[in-house]
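Examination of the molecular architecture
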Amino acid sequence: MPRRTPPAPAPSAAEPEAPAARDEVSALARGLGVLRALADAPGPLSNRALADATGIPKATVSRLAATLAAAGFVQQDADSERFQLGPALLDLSSAYLRNFDMRALCRPYLAELADRAQASVHLGLRDGLDILMIDTVRPRSAVILTRTDIGTRMDIATSASGRAYFGALSAAEREALLQAYRREAPTRWKTAREMLLRAAEDVEAHGYGSSFQEWHRDINAIGFTLRGPRGELYALSCGGPAYALSPKLLRTQVAPAVLATQQAIGRACGVAPRGEAR
């Protein structure tokens, strides 16, 4: 079932707004909720399924979907009348990526790491309680492959990239993330908290995070982070099938290459390597 997107909160009394402005903000938030529900769904959704996923009344969903379809942000199948994301979103994402050169800067270094480690390397950014993959580099031999690709989400608490991300945060940022887990994932926040606190210790001790068949039962990986020139924090993982990449191999052979790559990219970005002043 697609992830339920909570309706936008109403403005507080301390933030007075004209009725028209409130309606515009609410409509925008609801339209974005429809897009997020479609992005999270495994396939096209009907108006009823969109209403269930977003908590928005079906009649309102119908109007929102029609508006988004007219602008090209969603498409409606003529036979089933179900909706899916439209090509206009690709234009927006392409515009974002045109102004985002961290992937281009990292790619030669990550390609070298992938070949040296014979593992897949993934670059991501935080999105909610996940690390969202924005680039993937595989070894040229292509002997070791995983299905993880651009757009894949990795849970922060269980993935190597997420644990490395948490370990790179300040104490206040860590607490804010833990509270986000408590609000958004109350049934598992205590487990997530224990995992992340242990992960922070691991990052402090070794310089990287790890996940051995915890994010996915068939995947072992170690994670690390990079700071962009504007201070943005990227999370990365280097790993692959557990049968080929044991924890011992990752820690003894792959980790040194990972840390060397981290330092090399940091120097290329003009960002101090780990251990120096931030």
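Residue numbers restart at each chain and count upward from 1, following the sequence in its written direction. Confidence filtering applies because this is a predicted model: local features only for residues at pLDDT of at least 70, side-chain atom pairs given and counted only at 80 or more, and all residues used for totals across whole chains, interfaces and linings. Excluded from the side-chain calculation are hydrogens and water; included are all heavy atoms of the structure.

We now examine the pairing of strand β4 (residues 130–137). Relative accessibility decides the category of a residue: with a 1.4 Å probe and only protein chains considered, values under 20% of the type maximum give buried, values over 50% give exposed, and everything between is partly exposed. A run of H or I in DSSP becomes a helix once it reaches four residues, and a run of E becomes a strand once it reaches two; helices and strands are each numbered from the N terminus. Extensive coverage of β4 is indicated by the burial of 7 of its 8 residues. Between any two strands, at least two bridges found by DSSP are needed for them to pair. In this structure, the hairpin formed by strand β3 (residues 120–127) and β4 is closed by a connection of 2 residues, where G128 is found at a positive phi of approximately 70 degrees. Pairing geometry for β4 and strand β5 (residues 153–155), over 3 bridges, is antiparallel. Its bridge partner being in β5, D130 is matched across the sheet by D155.

The calculated volume of the largest pocket comes to roughly 740 Å³. Lining the largest pocket are 21 residues; nearest its centre among them are R36, L89, S93, L132 and G151. Top contributing element to the lining of the largest pocket by residue count: helix α4 (residues 88–98), with 6 residues. Grid spacing is 1 Å over the protein atoms alone, the probe is 1.4 Å, and a cavity is where that probe fits but cannot get out, while a pocket is an open set with protein on both sides within 12 Å along at least five of seven lines and lining residues have an atom within 4 Å of a point. Grid points are joined across faces, edges and corners, and a volume is the space filled by probe spheres set on the points.

Two orientations exist for strands paired in a sheet by backbone hydrogen bonds: parallel and antiparallel. Here 6 strands make up an open sheet; going across it, the order is β5-β4-β3-β8-β7-β6 and the pairing antiparallel. Unpaired on one side and paired on the other, β5 and β6 (209–212) mark the two borders of the sheet. Here the strands of the sheet are splayed against their neighbours by 30 degrees on average, with no regard to which way each runs. Here strand β7 (residues 219–227) runs beside strand β8 (residues 233–241); their pairing, made up of 9 bridges, is antiparallel. If you follow A221 over to β8, its bridge partner there is G239. Helix α5 (residues 102–117) rests against β3, β4, β7 and β8 of the sheet, and its axis sits at about 75 degrees to β4. Contact between two residues is taken to exist if any of their heavy atoms lie within 4.5 Å; hydrogens are not considered. Angles shown run from 0 to 180 degrees and are taken between the N-to-C directions of axes, each axis being a line fitted to C-alpha atoms and, for helices, limited to the stretch in contact. Together, β6, β7 and β8 form the strand contacts of helix α9 (residues 247–269), whose direction differs from that of β7 by roughly 20 degrees.

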